[in-house]
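Below, each chain spelled out in residue letters.
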Amino acid sequence: MYSLTIVVASAVVSLLVGLGLGLLAGRRSSAEGKKSREVERKLDQVIQDKRAYEDEVVEHFSKTAKLLNNLTDSYRDVHNHLATGAATLCQGQGPISLERLQSAGDDAEIPPHLANIQPPLDYAPKSSPEEKGMLNEEFGLERVKREKAESEAEGKS
């Protein structure tokens with residue numbers, strides 16, 4: 001009924017499909033397959049834990065920044081309250097409030113006491129015309145001569 005080639009071809013195809021299914025089933029139930037699936041499961045768990053930790057860190061620092069901003073605002077309010085009270089109670093002799101400092105004017109404006117600046121001198125000014133300046137060749141030699149004379153006087157004694 002069936003030709004020999006069809007029967008042989010069907011047997012070969014069935015054998016190949018059977019071998020493929022057997023290998024697949026064998027790998028799934030083998031110790032190495034189980035170990036591989038366990039490692040993949042642990043890796044997925046570690047990745048999820050890492051993401052949860054990163055989210056927690058971001059949330060922590062966001063809340064810290066918000067709390068620090070609130071603290072800064074509260075400090076500014078307390079300082080302004082104390083400065084305003086001191087200015088009122090001390091008839092204007094108290095500390096300057098931050099509000100008055102902020103409305104004081106242009107930050108680029110140089111105060112008058114700092115506006116008169118002279119460059120540094122590259123020489124030492126003399127206090128009198130007879131004095132020898134630092135650039136004079138004999139500057140400091142009198143001291144050396146005097147020290148030498150004093151040491152000779154001590155040597156003779």
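1. Thoughts on the overall build of the chain
Stage number 1. Secondary structure assignment for the chain yields five helices and zero strands.
Stage number 2. Relative to its full complement of 157 residues, the chain shows a buried share of 4%.

2. Some words on a nonpolar patch on the surface
Stage number 1. Among the surface-exposed residues, Leu4, Val8, Val12, Leu15, Leu16 and Leu19 lie close enough to one another that they form a single nonpolar patch of about 610 Å² accessible area.
Stage number 2. Structurally, Val8 is set in helix H1 (residues 4–29).

3. Side note on the confidence of the model for the chain
Any region with low pLDDT has predicted coordinates that should not be read closely.
Stage number 1. Across the chain, the average pLDDT comes to 80, with 76% of residues at or above 70.
Stage number 2. Here helix H3 (residues 98–102) stands out as the element of the chain with the lowest mean pLDDT, 60, in contrast to helix H2 (residues 31–89), whose mean of 91 is the highest.

4. Things to note about H2
Stage number 1. Its 59 residues give H2 an end-to-end C-alpha distance of 86 Å, which sits within 8% of 87 Å, the value for a rise of 1.5 Å per residue.
Stage number 2. The set of residues buried in H2 consists of Gly33, Asn80, Ala83 and Ala86.
Stage number 3. Two residues or fewer after H2 comes Gln91, characterised by a positive phi angle close to 50 degrees.

5. Quick word on the pattern of salt bridges
Stage number 1. Across all of its chains, the model carries three salt bridges by this definition.
Stage number 2. Note that Arg41 and Glu38 form a salt bridge whose closest N and O atoms lie 2.4 Å from each other. Placement of the pair is Arg41 and Glu38 together in helix H2, with a separation of three residues, close to one helical turn.
Stage number 3. Of the charged contacts, one joins Glu54 and Lys50 as a salt bridge, the two residues approaching to 2.6 Å between their closest N and O atoms. Taken together, the positions of Glu54 and Lys50, both in helix H2 and four residues apart, correspond to about one turn of that helix.

6. A few points about the packing of H1 against H2
Stage number 1. Put simply, H1 and H2 touch, their axes get as near as 4 Å, and they point 60 degrees apart. The pairing of H1 with H2 is recorded here as oblique in orientation. Listed contacts from H2 to Arg27, Arg28 and Ser29 of H1 are Ala31, Gly33, Lys34 and Arg37.

The rules behind each value
Residues numbered from 1 in each chain as written. Predicted model: local features only at pLDDT ≥ 70, side-chain atom pairs only at ≥ 80, totals over all residues. Heavy atoms only, no water. Helix = DSSP H or I, 4+ residues; strand = E, 2+ residues; numbered from the N terminus. Buried < 20%, exposed > 50% of the residue type's maximum accessible area, 1.4 Å probe, protein only. Patch = residues over 30% accessible without salt bridge, like charges linked within 9 Å, V, L, I, M, F, W, Y side chains within 5 Å. Areas by Shrake-Rupley, 256 points an atom, 1.4 Å probe, with all protein chains shown as cover. Salt bridge = Lys/Arg side-chain N within 4 Å of Asp/Glu carboxyl O. pLDDT = per-residue confidence, 0-100. Expected span 1.5 Å × (residues − 1). Axes fitted to C-alpha atoms, helices over the stretch in contact; angles between N-to-C directions. Parallel < 35°, antiparallel > 145°, perpendicular 65-115°, else oblique. Contact = heavy atoms within 4.5 Å.

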